[in-house]
Number of protein chains: 2
Amino acid sequence: MIDQHISSAYDRDLEAITTLIMKMGGLVEEAILLAAQSLADRDLELAEKVRKADKVIDALELQINEDAARTIALRAPVSKDLRALLTVLRLAASLERIGDYAKNIAKRTSAVVDMPPVSGADVALRRMAREVQAMLKDTLDAYMRYDADLAEDVRQRDQEVDQMYNALFREFLTFMMEDPRNITACMHLHFMAKNIERMGDLTTNMSEQIIYLVTGEMPEEARPKGDKTPFVTDPE
Amino acid sequence: MIDQHISSAYDRDLEAITTLIMKMGGLVEEAILLAAQSLADRDLELAEKVRKADKVIDALELQINEDAARTIALRAPVSKDLRALLTVLRLAASLERIGDYAKNIAKRTSAVVDMPPVSGADVALRRMAREVQAMLKDTLDAYMRYDADLAEDVRQRDQEVDQMYNALFREFLTFMMEDPRNITACMHLHFMAKNIERMGDLTTNMSEQIIYLVTGEMPEEARPKGDKTPFVTDPE
C-alpha cells in the first residue's frame, strides 16, 4: 500500500514534468518555423517575437530542472524511474539549445534584411526548417508514446537535413566565388543553414535518448555528431 | 551512526566521480591545444591522435553518467548533495561537447592541409585555443576548490575570446573579398575559429554551473549564449 502510494506520487510528478516538456517542445517547434518565416519575409517584427519567446523557453527549462531535482529528492526513484527523470533533464537541455538556434536565426534576420536575396536560399532554408520541425514533432510524439521505432525513424531522417545543408554550403561557395559582393550575405545565410543543421543534430540526439529510455540500449552505431560541413576544396 | 555511514559512502562516490571529471577535463584541455597545433603545423598524424582521444573522452562521459545515476539511486542524496551530482552530469556533458569541437578542428585540418596559409590565421587560432584551454583549466580548478570567484573570473575572460573571434571574422571577410581564391580556405578557418569560440562559451557555462553549485545562485545577468558572430555588413 505504501509502495503504491509512493509510486503514484512519482507518476504524478513525472506527468506534470512531461506536460512542461510538451509545452516547451511546442514553443520550440513554433520558434523554428517562425524564425525561417521571419527570414523569408524579411519580417523584423516576427523575428522579435521569436527572440521574446526564447525567454519563455529558457524559463521552462529552469522549471523542469527544478521539478525533476525535487522529484528525485522527494521520491528517490531508482532504475527505470530514475532513468526517465534523467532523460527529461537531457531532453529539456536539448530543447533549450534548439530554441537558442532559432533565436540566433531570428537575430541574424536583422543583419540580412537590407541585403539582396541570394537565389533560392530563403526557400531552401525554409524547407530545411520545416523538415527539422517535423522531426522534432515526431520526437516529442515518440517520447509521449514511448515509441522507439518512431524515434529511430527521426534519426534516419537527419541525413536528409544534412544533405540539404551540404548542397546549400556548396551553392554559397559558388555564389561567393562568382561575385564577391555576395560574400557577406552568403556568410550570414550560411550561418543560418548551419544553425538549422545543428537543430537537426540535437533533435536526433533527443531521439537517441528516447530510444535508450524505451529499450535500455543506445542505438547501434551512434550517429556522428557535430560539424558535418563537407570538406570540399572546390565547388562543382 | 547510520547517517554518518551513508554520508561517507556518498562522499566516496562523489570523490570517485570527481576524479573521472578531472581526468576527462585534462584530456579535453590537451585536445584543444593539440588540435590547434595540428592545424598550425599541418600535422595530420597529430590530428588523427586528437580524433582518437575523443573516443576516450566520450567513454569517460558515459561512465560518469552511469556512476552518477547509480549514486543517486543508491544514496538518494538530497539538497546540496543532489545538486552536486546533477552539476557533475552537466559538467561532463559540456566537456564532451568541447571535446567534439576539438575533434572537428582536427578533422578539418585535413581539408586545409594543401591550401596556402591565410596570413596570421594560424597564429590567431592558436592564441584563441590557448586562451580557452587556460579558461578550462581554471574552471576545473574552481570546481575542485569550490571557488566561485575563480569561476567568475573565467566568465569575464570569455569576452576576450569573443573579441578575438570577431576580429578574425572581419579579417576573413576582407581576405575573401580581396581574392576569391581565398574563399574556401577562409571558410574552413572560419569554422575552426567559430568552434574555438563555442568552446569558450561552453567553458563559461561550466563556470556558471560551478557558481550555482557553490553559491546556490546563478550569476546575475547570465551571459548571452550561442551565436555571437558580428553582424557586420561591410568589413573595415
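All values reported here derive from a predicted model rather than from experimental measurement.

Caption draft 1: Quick peek at the overall build of chain A. Helix and strand content of chain A: six helices and zero strands. In chain A, which comprises 236 residues, the share counted as buried stands at 57%. Sequence separation of at least 24 residues holds for 85% of the intrachain contacts in chain A that already meet a minimum separation of 6. Within the structure as shown, chain A displays about 10,200 Å² of accessible surface, and the carbon and sulfur contribution to it stands at 51%. Taken as two groups, the 30 positive and 42 negative side-chain charges of chain A have centres that lie 3 Å from each other.

Caption draft 2: Inspection of the confidence of the model for chain A at higher detail. Residues and elements named next belong to chain A. Averaged over all residues, the pLDDT of chain A is 90; the fraction at 70 or higher stands at 90%. Looking at the elements of chain A, mean pLDDT is at its lowest for helix H1 (residues 2–40), recorded as 90, and at its highest for helix H4 (residues 121–145), recorded as 97. Taken together, the stretch residues 232–236 has pLDDT below 50 and engages in 14 contacts with residues farther than four places along the chain or on a different chain.

Caption draft 3: View of the relation of the copies chain A and chain B. Each copy superposes on the other: chain A lies on chain B with an RMSD of 0.0 Å after a rotation of 180° and an axial shift of 0.0 Å. The symmetry that links the two subunits is that of a two-fold axis. Residues of chain A ranked by C-alpha distance from the rotation axis are headed by Ala 76 of chain A, positioned 2.8 Å from it. Both copies contact each other with a shared surface, as 100% of the interface residues of chain A are interface residues in chain B too.

Caption draft 4: Representation of the pattern of salt bridges in the model. Residue and element names in this part refer to chain A. In total, this model carries 34 salt bridges over all chains according to the counting rule given. Between Lys 137 and Asp 141 there is a salt bridge; the shortest N-O distance is 3.7 Å. A residue pair is termed a helical-turn pair when its members lie 3 or 4 positions apart in one helix, as Lys 137 and Asp 141 do in helix H4 at four residues. Owing to a relative accessible area of 38%, Lys 137 belongs among the partly exposed residues under this scheme. Its relative accessible area of 22% is what places Asp 141 among the partly exposed residues.

Caption draft 5: Just the interface of chain A and chain B, in detail. Contacts between the two partners involve 44 residues from chain A and, on the opposite side, 44 residues from chain B. With both sides pooled, the region where chain A packs onto chain B buries about 3,700 Å², and carbon together with sulfur makes up 63% of that total. Remark: the boundary between chain A and chain B carries two salt bridges. A salt bridge links Glu 61 of chain B to Arg 90 of chain A; its shortest N-O distance comes to 3.8 Å. Here chain A is connected to chain B by two residue pairs in polar contact (both at pLDDT 80 or more). Among the residues making up the side of chain A that touches chain B, the classes are represented as 24 nonpolar, nine polar and 11 charged.

Caption draft 6: Quick look at H4 of chain A. In this model H4 of chain A runs 36 Å from its N-terminal to its C-terminal C-alpha over 25 residues, within 8% of the 36 Å that 1.5 Å per residue would give. With its phi angle positive at about 50°, Tyr 146 of chain A sits one or two positions after the end of H4 of chain A.

Caption draft 7: Main features of the UniProt feature "domain: PhoU" (unreviewed entry) in chain A. All names here are of chain A. Per the UniProt entry, the sites bearing "domain: PhoU" (unreviewed entry) are residues 21–109 and 125–210 in this numbering. This span, residues 21–109, is 93% helix and 0% strand, and a straight line between its end C-alpha atoms measures 28 Å. Note that residues 125–210 is 93% helix and 0% strand, and that its end C-alpha atoms are spaced 27 Å apart.

Caption draft 8: Region of interest: the packing of helix H2 (residues 44–75) of chain A against helix H3 (residues 79–112) of chain B. Packing of H2 of chain A against H3 of chain B brings their axes to within 11 Å, and their N-to-C directions diverge by 130°. In terms of orientation, H2 of chain A lies oblique with respect to H3 of chain B. The crossing of H2 of chain A and H3 of chain B is right-handed. Touching Glu 61, Asn 65, Ala 69, Ile 72 and Ala 73 of chain A of H2 of chain A are Leu 82, Leu 86 and Arg 90 of chain B, all from H3 of chain B.

Each value, and the rule that gives it
Residues numbered from 1 in each chain as written. Chains lettered and ligands numbered in written order. Predicted model: local features only at pLDDT ≥ 70, side-chain atom pairs only at ≥ 80, totals over all residues. Heavy atoms only, no water. Helix = DSSP H or I, 4+ residues; strand = E, 2+ residues; numbered from the N terminus. Buried < 20%, exposed > 50% of the residue type's maximum accessible area, 1.4 Å probe, protein only. Contact = heavy atoms within 4.5 Å. Areas by Shrake-Rupley, 256 points an atom, 1.4 Å probe, with all protein chains shown as cover. Lys, Arg positive; Asp, Glu negative; His and termini not counted. Charge placed at Lys NZ, Arg CZ, Asp CG, Glu CD. pLDDT = per-residue confidence, 0-100. Least-squares fit on C-alpha atoms with pLDDT ≥ 70 in both. Salt bridge = Lys/Arg side-chain N within 4 Å of Asp/Glu carboxyl O. Buried area = accessible area lost by both parts, 1.4 Å probe. Polar contact = N/O pair within 3.5 Å; in protein donor to acceptor, adjacent residues only side chain to side chain. Nonpolar A, V, L, I, M, F, W, Y, C, P; charged D, E, K, R; others polar. Expected span 1.5 Å × (residues − 1). UniProt positions renumbered as here; feature names shortened; annotations may be inferred. Axes fitted to C-alpha atoms, helices over the stretch in contact; angles between N-to-C directions. Parallel < 35°, antiparallel > 145°, perpendicular 65-115°, else oblique. Left-handed = near helix turned anticlockwise from the far one by under 90°.

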